[in-house]
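# A look at the structure
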Amino acid sequence: MSFNFSSFTNNLKDLGDKVSTEFNNEFMPFAQRTSRMVQERMGKVNVDEISQLPEEYRELADKCNNVEKLYRNVLKITHNYESESYDYPTNLQESFTDFSKNITNRVSNLSKATTPAEAQAALINSEHGEFKPPKTLYHALARATDGSQRPRPLIKALDLYSGNLNKIANARLGQDQLIKNKFNKPLTSTLRSLLSQSSNIQKKVEQKRIDYDLARQALTNCTNPSKEPQYRVAMENAEDEFANTVEDGISVMQNVLEHAKPLEELLELIKAQLAYHKLASELLGNMVGDFEGLIEENKNASGKGSGQRNSESGDFDI
């Protein structure tokens, strides 16, 4: 099969023309927009050369942007509820013990592996089926006050305290799960699927606005009468695209604000927090009375009923 140099040359020319066309149609407008945007931000473009957006559009954009900012700022904080130990400083000794135990388990399981699949499972799932106590502040307090290894007079009190703290700690985990499912996930979904529409249309409007202003500038600076009709048509087309995109933007942002539900979503956050704090308040409040009874009982049993305890201890002003 002979090589057709003429055909190769034509194909190479077509490819070059295609690359040149794509470069002119895509890269050049992008470069011009970027240059214009930089000039505007540096104050090198007269105000009357920058097209103004309709008041309705600007108000809708501000509202959408404020909702998006709220969601992002709140989620930065509430994502902490998805980290179990957010209220419990990392205990280095506990972490080291867990790490050492984990390594020991992996080595032990790996020694029993007879196939590559079992070896992989031993390395990846060495803790499968093993219960790990939650690393929250109240769970840690409950473990630290376990009465099973304490002197007899303390057993009843510590069992009461430890048991109630476990209930509070588990309620906190329940709160965290509710916040994750009924607040964090909906807000994240709204940001990705709804508020992103507002952000995208605003970028498109800004792009069309700059294209229109560049076309106006080109027509104004045109010194060749034969090219003026071409520049005028380009300017009119850019003006139509700008106006149509602004109308689309207004419609999109109205829809976004109609379906975004920040108040309803914040209510779910409040409900989850209230359920946890209500239970914690009830359990801690009941324990105050129980411990007062235990203290009095202990005094009577030891014959040390003298001395007035300050009944206001533990109270504080907020």
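Preceding this paragraph is the structure being described.
Residues numbered from 1 in each chain as written. Predicted model: local features only at pLDDT ≥ 70, side-chain atom pairs only at ≥ 80, totals over all residues. Heavy atoms only, no water.

### Here's the deal with the overall build of the protein chain
The condition is simple: Per the convention used, a helix needs a DSSP run of H or I reaching at least four residues, while a strand needs a run of E reaching at least two, with both numbered from the N terminus. Only protein chains enter the area calculation, which uses a 1.4 Å probe; residues under 20% of their type maximum are buried, those over 50% are exposed, and those in between are partly exposed. In what follows, a contact means two residues having at least one pair of non-hydrogen atoms within 4.5 Å.
For the protein chain, the count of helices and strands is eight helices and zero strands. The linear arrangement of helices and strands in the protein chain, starting from the amino end, is α-α-α-α-α-α-α-α. Evaluated residue by residue, the protein chain yields a buried proportion of 25% over its 318 residues. At a minimum sequence separation of 6, the contacts of the protein chain that also span at least 24 residues come to 79%.

### A short note on helix H8 (residues 262-302)
Put simply, the test is: One less than the number of residues in a helix, times 1.5 Å, gives the span that helix is expected to have.
Along its 41 residues, H8 runs 59 Å from first to last C-alpha, staying within 8% of the 60 Å computed at 1.5 Å per residue. Restricting attention to buried positions, one finds in H8 the residues Glu265, Leu269, Ala272, Tyr276, Ala280, Leu283, Met287 and Leu294. Just past H8, the residue glycine 303 takes up positive phi, approximately 70 degrees.

### A look at the nonpolar core
Worth spelling out the cut-off: Residue types Ala, Val, Leu, Ile, Met, Phe, Trp, Tyr and Cys, when buried and joined through side-chain atoms within 4.5 Å, form a set referred to as a nonpolar core.
With 31 residues, the main nonpolar core has Tyr57, Val205, Val246 and Met253 as its most contacted residues. Only helix H2 (55-78), helix H6 (152-221), helix H7 (228-259) and H8 provide two or more residues apiece to this core. For this core, the leading source of residues is H6, giving eleven residues. Of all hydrophobic cores here, the second largest spans eight residues; its members include Tyr276, Ala280, Leu283 and Met287.

### Points about the pattern of salt bridges
Here the idea is simple: oppositely charged side chains can pair when their charged atoms come close. Heads up, the rule is: Note on definitions: salt bridges are taken to be side-chain nitrogens of Lys or Arg within 4 Å of carboxyl oxygens of Asp or Glu.
For the structure shown, the criterion picks out nine salt bridges. Of the charged contacts, one joins aspartate 213 and arginine 216 as a salt bridge, the two residues approaching to 3.2 Å between their closest N and O atoms. One end of the pair, aspartate 213, and the other, arginine 216, are both in helix H6, three residues apart, so they sit about a helical turn from each other. Residues joined in a network through salt bridges with shared partners are Glu206, Arg209, Asp213 and Arg216.

### With respect to the packing of aromatic side chains
Applied cut-off: For this analysis, a ring pair means two rings from Phe, Tyr or Trp (six-membered ring only for Trp) whose centres lie within 6.5 Å, classed as stacked if their planes differ by under 30 degrees, edge-to-face if by over 60, and tilted for the remaining angles.
Considering all chains together, one arrives at three aromatic pairs under this definition. With centroids separated by 6.5 Å and ring planes inclined at 75 degrees, the aromatic side chains of tyrosine 161 and phenylalanine 291 adopt a geometry described as edge-to-face. Of this pair, tyrosine 161 sits in helix H6 while phenylalanine 291 sits in helix H8, placing them 130 residues apart in sequence. For phenylalanine 291, a relative accessible area of 25% gives the class partly exposed. Relative to phenylalanine 242, the ring of tyrosine 212 has its centre 5.9 Å away and its plane inclined at 20 degrees; by these criteria the two rings are stacked. Of this pair, tyrosine 212 sits in helix H6 while phenylalanine 242 sits in helix H7, and the two are 30 residues apart along the sequence. In this structure tyrosine 212 comes out as buried when scored by relative accessible area, which is 11%.

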